Amino acid sequence: MNKISNWLIGTLLFAAFSLSAHQQKTAISTVLFNARTENIEIMHRFKVHDAEHAVKEIFGKDADIIDSKKTQNQFGDYVNQRFNLFDSDEQPLPLKMVGVELDGKFFWVYQETTQPTKLDNMTIRHNALRDLWPEQVNTINIEGKGKLQTLIFADSVELLTLTFEH
């Protein structure tokens, strides 16, 4: 009887951990200032599990991020509409969709824009999936323009501004 109890407790703990692991909604993005191309390159990495649930909620129960290029592109457009960069004068930088990619357990969305000639600071909005799940946390690493900086969009944070050292 003791073995059965231990097995049952272990199974329940594993199930509870698995369920809580699925509820941790997070995305990681990189904003890279590429000196060679003089572009700002943006790479968003979402967990496929989260993207699967999101597309069904956003685009309907038949949406399929794994097997449908149409759904993949729709999700890319969705992210593109909810991610914005603003220059030092608070003007939006025009972001171009470069593409999307399914890579194992991650789904990537790629964007880019030309680097402004003068950029003392930048404001960012990253609301992808946050309109669906209030607990969604979007983390952005900014690289290639001074020291690495990290911004975290959680709770009710809509806009964050970073300053570049000269």
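To keep things clear, this report deals only with the structure shown in the data block.

### Considering the pairing of strand β6 (residues 121-126)
In step 1: Direction of pairing for strand β3 (residues 83-86) relative to β6: antiparallel, over a ladder of 4 bridges. Within β6, the position partnered with Phe 83 by the bridge is His 126.
In step 2: Alignment of β6 against strand β9 (residues 159-163), held across 5 bridges, turns out to be antiparallel. Within β9, the residue paired with Thr 123 across the bridge is Thr 161.

### Re the packing of aromatic side chains
In step 1: Scanning the entire structure with this criterion turns up 5 aromatic pairs.
In step 2: With 5.7 Å between their ring centres and 25 degrees between their planes, Phe 75 and Tyr 78 make a pair best called stacked. One end of the pair, Phe 75, and the other, Tyr 78, are both in helix α3 (residues 69-82), 3 residues apart, so they sit about a helical turn from each other.
In step 3: Classification of Phe 75 as buried rests on a relative accessible area of 0%.

### Let's talk about the sheet that holds strand β1 (residues 26-34)
In step 1: Within the open sheet, the 6 strands sit side by side as β4-β5-β2-β1-β7-β8. Their pairing is mixed. If you trace the sheet from one side to the other, it starts and ends with β4 (96-103) and β8 (149-153), each paired once. Each strand of the sheet is rotated relative to its neighbour by a mean of 15 degrees, with strand direction disregarded.
In step 2: Taken together, the 9 bridges between strand β2 (residues 39-47) and strand β5 (residues 106-114) define a ladder with antiparallel strand orientation. Looking at the pairing, Asn 39 lines up with Thr 114 of β5.
In step 3: On the sheet, helix α2 (residues 48-59) packs against β1, β2, β4 and β5 and is oriented at approximately 85 degrees with respect to β2.
In step 4: α3 contacts β2, β4 and β5 of the sheet and is inclined by roughly 130 degrees relative to β4.

### What to know about the packing of α2 against α3
In step 1: Between α2 and α3, the shortest axis-to-axis distance is 11 Å and the interhelical angle comes to 85 degrees. Taken together, the axis directions place α2 and α3 in an arrangement best described as roughly perpendicular. Between α2 and α3, the contacting residues are Ala 51, Ala 54, Val 55, Ile 58 and Phe 59 on the first element and Thr 71, Gln 74, Phe 75 and Tyr 78 on the second.
In step 2: Of the residues belonging to the contact of α2 with α3, the class tally is 7 nonpolar, 2 polar and no charged.

### Some details on unusual backbone geometry
In step 1: Of note in the backbone geometry, Glu 90 takes a positive phi value of approximately 65 degrees without being a glycine.
In step 2: With respect to the helices and strands, Glu 90 occurs in the loop between β3 and β4.
In step 3: Note on Glu 90: relative accessible area 63%, which makes it exposed.
In step 4: At Leu 129, a residue that is not glycine, the phi angle is positive and equals roughly 70 degrees.
In step 5: Take Leu 129: its relative accessible area is 0%, and that puts it in the buried class.

### Digging into α3
In step 1: Counted at 1.5 Å a residue, the expected span for α3 with its 14 residues is 20 Å, and the 20 Å between its end C-alpha atoms agrees.
In step 2: If you check which residues of α3 are buried, you get Thr 71, Gln 72, Phe 75, Gly 76, Tyr 78 and Val 79. Projected onto a plane normal to the axis of α3, the buried residues spread over an arc of 155 degrees and lie on a single side. The exposed residues of α3 that point more than 90 degrees off its buried face are Lys 69, Lys 70 and Gln 81.
In step 3: Those residues of α3 that are buried lie in contact with β2, α2, β3, β4 and β5.

Cut-offs used in this document
- Residues numbered from 1 in each chain as written.
- Predicted model: local features only at pLDDT ≥ 70, side-chain atom pairs only at ≥ 80, totals over all residues.
- Heavy atoms only, no water.
- Pairing = 2+ DSSP bridges.
- Helix = DSSP H or I, 4+ residues; strand = E, 2+ residues; numbered from the N terminus.
- Phe/Tyr/Trp six-rings, centres within 6.5 Å; stacked < 30°, edge-to-face > 60°.
- Buried < 20%, exposed > 50% of the residue type's maximum accessible area, 1.4 Å probe, protein only.
- Axes fitted to C-alpha atoms, helices over the stretch in contact; angles between N-to-C directions.
- Contact = heavy atoms within 4.5 Å.
- Parallel < 35°, antiparallel > 145°, perpendicular 65-115°, else oblique.
- Nonpolar A, V, L, I, M, F, W, Y, C, P; charged D, E, K, R; others polar.
- Expected span 1.5 Å × (residues − 1).
- Arc of directions from axis to C-beta.

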